[in-house]
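# Survey of secondary and tertiary structure
Letter by letter, the chains look like this.
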Amino acid sequence: MTRITILSTVRSPIPQLKMTTTVWQRRHVLGLADFTPGEYDTVLQTAASFQEVLARRTKKVPALQGQVIANLFFEASTRTRSSFELAAKRLSADTLNFAPGTSSLTKGETILDTAKTYLAMGANMMVIRHRDAGVPQTIAAEMDRLDTRVGILNAGDGQHEHPTQGLLDLFTICSLLNFEYPRLGLLAGKKIAIIGDILHSRVARSNIWCLTSSQAEVHLAAPPTLLPKWFGEIVNDESSGIPRRQLFIHSDIEPALKDADFVMTLRLQKERMSAHLLPSLREYHQNYGITRDRVKLCQPDVKILHPGPVNRGVEISSDLMDDPNFSLIPQQVTNGVAVRMALLYLMGSGSH
Ligand code: NCD
């Protein structure tokens, strides 16, 4: 069975299979903390359709022709920025790119005024990355206040969230479990370990919201200085609307890795560390690095993810990172384009 063809609409390829997809209502995607299972399945299914488009000879669809997408990256990025740009181009949108070092920010313009400049040029959506948590939310609130209908996509804000990374990680795992019909339900009973600098990681936060929305067991392990105890309390709070989130916290790596189906390892984000939280990188690798010996604790067919950029030999041993039997790192990058196409498409073609 093949996936559907996208021209200007996305149709369900599997009417006989019960999916929990939902009609898209969001103008902005700022985080995954309040995403519903139906929204996850909608993104997964739409991304699967775009994955099929990207496998064709002509990899472009006219879905967002005439729309303008501004990529406002106030912080460094390689893969997220390029992936958003390619996703917008594959949807036939016009893209505007902004680099803080060569922009009017250097002349004292505020971030809100920068956003309003792109608004005046006709931007329909803005993709925003900033080193401070809350900047995409502030711009979204201003766009709503001005009654603009401009959609804001968070491409990573401080230590808060990185929703498209969480969604592309989810898609990478689910499409490995079922390439034709990736969906949240496939994670039931799976064990996923997230290892590393959880304190400073917006990727970890988005992934925790996302993965604990399924029936997967999510195990976190990090040195105590990089894994606050309150993490568990916030995520397990049932007022978030999703009961029975299964989140477990460890200070040793072994119980987290034991029988894991997927291991997600995170970069040590030294630029966000305000104090000496680790004795040395060597000791960190000894205690928390993902190595061939350590993967023996996991399921035999365990797969390893990393959002990149990687510090080779610190969070993961170099040879394991390059071993296609274990590493899903290249697939994560590839899948990022289809997932970002899905989000831009859903946000840009609705009536929200
Ligand atoms: C991450 C980020 O910027 O949050 N990278 C990414 O977007 N792929 C993770 C990191 O910087 O370590």
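Look up: the structure comes first, before these words.
What comes next is a walk through the structure. (Residues numbered from 1 in each chain as written. Predicted model: local features only at pLDDT ≥ 70, side-chain atom pairs only at ≥ 80, totals over all residues. Heavy atoms only, no water.)

### Observations concerning the side chain of His-219
- One can find His-219 in strand 6 (residues 217–221).
- For His-219, a relative accessible area of 7% translates into the label buried.
- In terms of polar contacts, His-219 uses its side chain to reach the side chain of Glu-217, at 2.7 Å.
- When neighbours within four sequence positions are excluded, His-219 is seen to be in contact with Lys-191, Ile-192, Ala-193, Ile-194, Phe-248, His-250, Pro-255 and Ala-256. (Helix = DSSP H or I, 4+ residues; strand = E, 2+ residues; numbered from the N terminus. Buried < 20%, exposed > 50% of the residue type's maximum accessible area, 1.4 Å probe, protein only. Polar contact = N/O pair within 3.5 Å; in protein donor to acceptor, adjacent residues only side chain to side chain. Contact = heavy atoms within 4.5 Å.)

### Here we look at the sheet that holds strand 5 (residues 191–195)
- Here five strands make up an open sheet; going across it, the order is 7-6-5-8-9 and the pairing parallel. The open sheet is flanked by strand 7 (246–250) and strand 9 (303–305), the only strands paired with a single partner. Recorded for the sheet is a direction-independent mean angle of 20° between the axes of neighbouring strands.
- Bridging between strand 5 and strand 6 involves five bridges; their strand directions are parallel. Among the inter-strand pairings, Ile-192 is bridged to a residue of strand 6, identified as Val-218. (Pairing = 2+ DSSP bridges. Axes fitted to C-alpha atoms, helices over the stretch in contact; angles between N-to-C directions.)

### Let's talk about the state of the cysteines
- Applying the stated criterion across every chain, the model contains zero disulfides.
- In this model Cys-174 remains outside any disulfide bridge; the closest cysteine sulfur is found in Cys-210, 7.8 Å from its own. (Disulfide = S-S within 2.5 Å.)

### Some details on the pairing of strand 4 (residues 151–157)
- Counted residue by residue, strand 4 has seven buried out of seven residues, so it is predominantly covered.
- The pairing of strand 3 (residues 125–130) with strand 4 spans five bridges and is classified as parallel. Paired with Met-126 across the strands is Ile-152, a residue of strand 4.
- In this fold, strand 3 hands off to helix 4 (residues 135–145), which returns the chain to strand 4; that crossover is right-handed. (Right-handed = clockwise from strand over helix to strand, strands pointing away.)

### Re the sheet that holds strand 1 (residues 68–73)
- Strand order in the open sheet made by the four strands is 2-1-3-4, with parallel pairing throughout. Strands at the two margins of the open sheet, each flanked by one partner only, are strand 2 (94–98) and strand 4. Direction aside, neighbouring strands of the sheet carry axes that sit 15° apart on average.

### Focus: the site of the ligand
- Taken together, Arg-79, Thr-80, Arg-129, His-162, Gln-165, Arg-202, Val-203, Arg-267, Gln-269, Pro-307, Gly-308 and Pro-309 make up the full set of residues adjacent to the ligand.
- In this structure, Gln-165 approaches the ligand through a side-chain N or O atom, which is 3.3 Å from a nitrogen atom.
- Separating a nitrogen atom of the ligand from a backbone N or O atom of Gly-308 is a distance of 2.9 Å.
- Alone, the ligand offers 320 Å² of accessible surface; in the complex the protein occludes 94% of this.
- Of all the secondary-structure elements, those providing two or more residues to the shell around the ligand are helix 2 (79–90) and helix 6 (202–211).
- Partitioning the shell around the ligand into residue classes produces three nonpolar, five polar and four charged. (Near = heavy atom within 4 Å. Areas by Shrake-Rupley, 256 points an atom, 1.4 Å probe, with all protein chains shown as cover. Nonpolar A, V, L, I, M, F, W, Y, C, P; charged D, E, K, R; others polar.)

### Concerning the packing of aromatic side chains
- Tallied over the entire structure, the rule returns six aromatic pairs.
- A ring pair is formed by Trp-24 and Phe-35, whose centres lie 6.1 Å apart and whose planes are at 65°; its orientation type is edge-to-face. A residue pair is termed long-range when its members are at least 10 positions apart, and Trp-24 in the segment before helix 1 (37–54) and Phe-35 in the segment before helix 1 qualify at 11 residues. The two residues Trp-24 and Phe-35 agree in class, both being buried.
- Relative to Tyr-118, the ring of Phe-98 has its centre 6.3 Å away and its plane inclined at 90°; by these criteria the two rings are edge-to-face. With Phe-98 in strand 2 and Tyr-118 in helix 3 (residues 111–120), this residue pair connects regions lying 20 residues apart in the sequence. Across the pair, exposure class does not vary: Phe-98 and Tyr-118 are buried alike. (Phe/Tyr/Trp six-rings, centres within 6.5 Å; stacked < 30°, edge-to-face > 60°.)

The quantities given are spatial measurements derived from coordinates; they are silent on function.
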